[in-house]
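For reference, the chains in residue letters:
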Amino acid sequence: MEERRATSRYNLVLPVTIRVVPNLTAVGTLLVETRNISTNGFYFNIAQQFTAGTQFEFSIALPIEITGAIRASISGNARAVRVKETGESLPGHLGIGALIENYRINRAESVKP
């Protein structure tokens, strides 16, 4: 199968907080983990119903192994562009390919040893 991705994907498992738009309070906050990530999007598995086109806010916590002594996260808006059943690997879950529409990098104070 021909590779269609415009950017490289990195197999990183990072915690992600998701809030579905426009009903941010109806669903509440969902906690998932990335399976892989690129500069344009990320892939994750979720047990809740999700459809292609679903817009959501996200926040990805970056580990200090990547950021050094600074706590940082990437947050913004994304849209589900690919939804597929995970099958036997994670029964009852969906695999979601998300396109990042906009983002910002949030930095906190330095981590003290």
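Below or above, wherever it landed, is the structure these notes cover. (Residues numbered from 1 in each chain as written. Predicted model: local features only at pLDDT ≥ 70, side-chain atom pairs only at ≥ 80, totals over all residues. Heavy atoms only, no water.)

### Some thoughts on a nonpolar patch on the surface
Rules: The residues that make up patches have over 30% relative accessible area and no salt bridge, and they are joined within 9 Å when like-charged or within 5 Å when they are Val, Leu, Ile, Met, Phe, Trp or Tyr. Each accessible area is a Shrake-Rupley result for a 1.4 Å probe, and residues are judged covered by the shown protein chains and nothing else. Think of a salt bridge as a Lys or Arg side-chain nitrogen and an Asp or Glu carboxyl oxygen that are within 4 Å of each other. In this description a helix means any DSSP run of H or I spanning at least four residues, a strand means any run of E spanning at least two, and both kinds are numbered starting from the N terminus.
A cluster of nonpolar side chains, namely Tyr10, Leu12 and Ile66, defines an oily patch on the protein surface of about 290 Å² accessible area. Mapped onto the elements of the fold, Ile66 is located in helix α2 (residues 64-67).

### A short note on the side chain of Thr34
Here is the rule we go by: With a 1.4 Å probe rolled over the protein chains alone, any residue whose accessible area is under 20% of its type maximum counts as buried; one over 50% counts as exposed, and the rest are partly exposed. In the analysis that follows, any N or O atom pair within 3.5 Å is treated as a polar contact, provided that within protein one partner can donate a hydrogen and the other can accept it, and provided that, for residues neighboring in sequence, both atoms belong to side chains. Whether two residues are in contact is decided by their heavy atoms, any of which lying within 4.5 Å being enough.
Positionally, Thr34 belongs in strand β2 (residues 29-37). Take Thr34: its relative accessible area is 0%, and that puts it in the buried class. For Thr34, the side chain forms a polar contact with the main-chain oxygen of Leu12, separated by 2.6 Å. At a separation of 2.9 Å, a polar atom in the side chain of Thr34 contacts the main-chain amide nitrogen of Leu14. The contacts of Thr34, once residues within four sequence positions are left out, are Leu12, Val13, Leu14, Val16, Phe42, Tyr43, Phe44 and Ile60.

### A word on the nonpolar core
To keep things clear, this is the line we draw: We call a set of buried Ala, Val, Leu, Ile, Met, Phe, Trp, Tyr and Cys residues a nonpolar core when their side-chain atoms join them within 4.5 Å.
Among the nonpolar cores identified, the biggest contains 21 residues, and Phe42, Phe44, Ile46, Phe50, Phe56 and Phe58 are the most heavily contacted of them. Elements with a contribution of two residues or more to this core: β1 (15-20), β2, β3 (41-46), β4 (55-62), β5 (70-85) and β6 (94-110). With four residues, the single largest contributor to this core is β6. Discounting residues that sit within four places of it in the chain, Phe42 has contacts with Arg9, Val16, Thr34, Asn36, Ile37, Phe56, Phe58, Ile60, Ile96, Gly97, Ala98 and Ile100.

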